[in-house]
Amino acid sequence: MRIETDAMGDMQVPENAWYGIHTSRSMENFNVSGESLPLAIVHAIVHLKAACAAANEQLGLLDQKRSQAIRKACQAVLAGAHDDQFPVDVFQAGSGTSTQMNVNEVLANLAAVQMGGQPGDRELMHPNDHVNKGQSTNNIFPSAIRLAGVQLGHRLEAALDGLIAAFVDKAGQFANVAKSGRTHLQDAVPITLGQEFAGYARALEKANARVAAAGENLLEIGVGGNAVGTGINTKPAFRSHIVASLNASTGLSFTVAKNGIEITQFMTDMAQMSAALRLLALDLLKIANDLRLLASGPNTGIGEIRMPAVEPGSSIMPGKVNPSICEAANMACIQVVGYDAALAMACGLGQLQLNTHMPLIGNNLVKSFNILIRTCTMLDEKCIRGVEADEKRCRKHFEASAGLATILNPELGYDKVAALVKEGLASGKNLKTLVLEKRLMPEDQLERLLAGAFGPNL
């Protein structure tokens, strides 16, 4: 152990730890969730620290040697070399000060050693005076959430693109597979399996657009605004220098906040992104449930599609196959809805110049992203690509569907068709058979009606 000192006194810190006394106190104080904040947020803070060091050097506020040491330390952390040095619990100081200081201490100690000193040498590299120069947790932490959100948003959009492509491919494969539509879980007008899958693809395209739109608002960041967003103790050019350096290192397009006061206390942009993720989760939930219904069986359900058998479905029933991938997707989506509910409440519980629930906001947003990225990839690779149509079953349902009555209305009239439906239910004969038996129209005319049963968008 080594001894470090702060305004509250002395404390032992593990000799091999790159963090310092503030982190050690936080570890003693906060042990609620049993989880530390996601590394996506920690790494986003580190990106910001590197940008701030560069800005401070450009403005003559930090000497080149210290600035370069800080940035090299940032590179080491971003490379994943010290991921175990960020242990602070999710539920901590509401602004995220504990994690912010954890990062400051790790970077300061790494930089001090690079400069020939020892961990804890505050004269050589101070976590507050040097690493944190011109910064406040109140701006660094929400800016880090925004950065993590933009980066993860791009990953989610890519995963969604893959899933959408899988549905589009299946829509083409199943374009001519006629089947019965269903409304209220009852027979409805005909549809093709391809049309059904194309509908799923379009829903996910719109979900992807909502995520992208929400990401645009996250590109406005308040870093450099200090405690309440006024930029106290900083030079006017500090914020623009930070953003320029951040954009150069990340390849993104962040902009300086139009109003530093607003962006420090309102977390609504994060709530908007979380809402977009929730809407995606709802769409995926609906699609996964549809697929489970369509694959139900194999002998006693709808059975119009077959999903890949990824594992034995039962420990007691030999040969049973369950829609496991869709069930896992359902649970994941339910969890995202729960994360969004907590995040939304946290966004609304700020007081005056600060929101003091930011670690929860950041944690839940990152977790929702990660869950949905993996869920989309899982559905794409383990389910949708391997879906097969049972064309005979689909055709049987198409011909037996009471929904076929709708296409007969213009030719035979509502009342006559209603009587045919009633007779069909009583006799077990489908409408096509009854129409031909009763010679209500020639077979070639009936076939033309059936061929046009799927609407002009087939």
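Look a little higher up for the structure.
Numbering of residues starts from 1 in each chain and follows the order in which that chain's sequence is written. Since the coordinates come from a predicted model, pLDDT governs what is reported: local features require at least 70, and pairs of side-chain atoms require 80 or more to be given and counted, while whole-chain, interface and lining totals use all residues. Processing note: side-chain calculations cover all non-hydrogen atoms of the structure and skip hydrogens and water entirely.

Things to note about the overall build of the protein
In step 1: Helix and strand assignments come from DSSP, with helices taken as H or I runs of at least 4 residues and strands as E runs of at least 2, each series counted from the N terminus. Summing up its helical and strand segments, the protein has 17 helices and eight strands in all.
In step 2: Its C-alpha atoms give the protein a radius of gyration of 30 Å, more than 25% over the compact-globule value 23 Å for 458 residues.
In step 3: Each principal axis of the C-alpha atoms in the protein carries an extent, and together these give about 100 × 50 × 35 Å.
In step 4: Between buried and exposed lies partly exposed: a residue is buried under 20% and exposed over 50% of the maximum accessible area for its type, with that area taken using a 1.4 Å probe on protein chains only. When the 458 residues of the protein are sorted by exposure, 50% land in the buried category.
In step 5: When contacts within the protein are restricted to residue pairs at least 6 apart in sequence, those whose partners lie at least 24 apart make up 72%.
In step 6: Accessible area of the protein: about 20900 Å², with a carbon and sulfur share of 53%.
In step 7: Charge counting follows a simple rule: Lys and Arg are positive, Asp and Glu are negative, and His as well as the terminal groups are ignored. For charged residues, the charge sits on one atom: NZ in Lys, CZ in Arg, CG in Asp, CD in Glu. A distance of 5 Å separates the average location of the 40 positive side-chain charges in the protein from that of its 44 negative side-chain charges. In this description the radius of gyration comes from C-alpha coordinates, and the expected globular size is given by 2.2 Å times residues to the power 0.38. Working rule for contacts: check all heavy atoms of both residues, and any pair within 4.5 Å makes them a contact. Every accessible area reported is derived by Shrake-Rupley at a probe size of 1.4 Å, with residue values counting cover from the shown protein chains alone.

Section: the pattern of salt bridges
In step 1: Counted as salt bridges are all cases of a side-chain nitrogen of Lys or Arg within 4 Å of a carboxyl oxygen of Asp or Glu. Evaluation of the coordinates by the stated rule reveals 21 salt bridges.
In step 2: The shortest N-O distance in the salt bridge between K179 and E304 comes to 2.7 Å. Residue K179 is found in strand β3 (residues 178-183), and its partner E304 is found in the loop between α10 (268-294) and β7 (305-306); the two are separated by 125 residues along the sequence.
In step 3: Where salt bridges share partners, they join K179, R182, E196 and E304 into one cluster.

Examining helix α14 (residues 405-412)
In step 1: For α14, the set of buried residues is A405, I407, L408 and L412. The buried residues of α14 occupy an angular sector of 150° when the element is viewed end-on, so they sit on one face.
In step 2: Remark: G413 follows α14 within two positions and exhibits a positive phi of approximately 90°. Arc definition: directions from the helix axis to the C-beta atoms.

Describing helix α15 (residues 414-427)
In step 1: Any helix carries an expected span of 1.5 Å times its number of residues minus one. Here α15 is 14 residues long and its end C-alpha atoms lie 20 Å apart, about the 20 Å a rise of 1.5 Å per residue gives.
In step 2: The complete set of buried residues in α15 reads V417, L420 and G424. Down the axis of α15, the sector holding all buried residues measures 55°, keeping them to one side. Residues of α15 that are exposed and angled more than 90 degrees away from the buried face: Y414, D415, K422, L425 and A426.
In step 3: Where α15 is buried, its residues meet α14 and α16 (431-437).
In step 4: Looking one or two places after α15, you find G428, whose phi comes out positive at around 85°.

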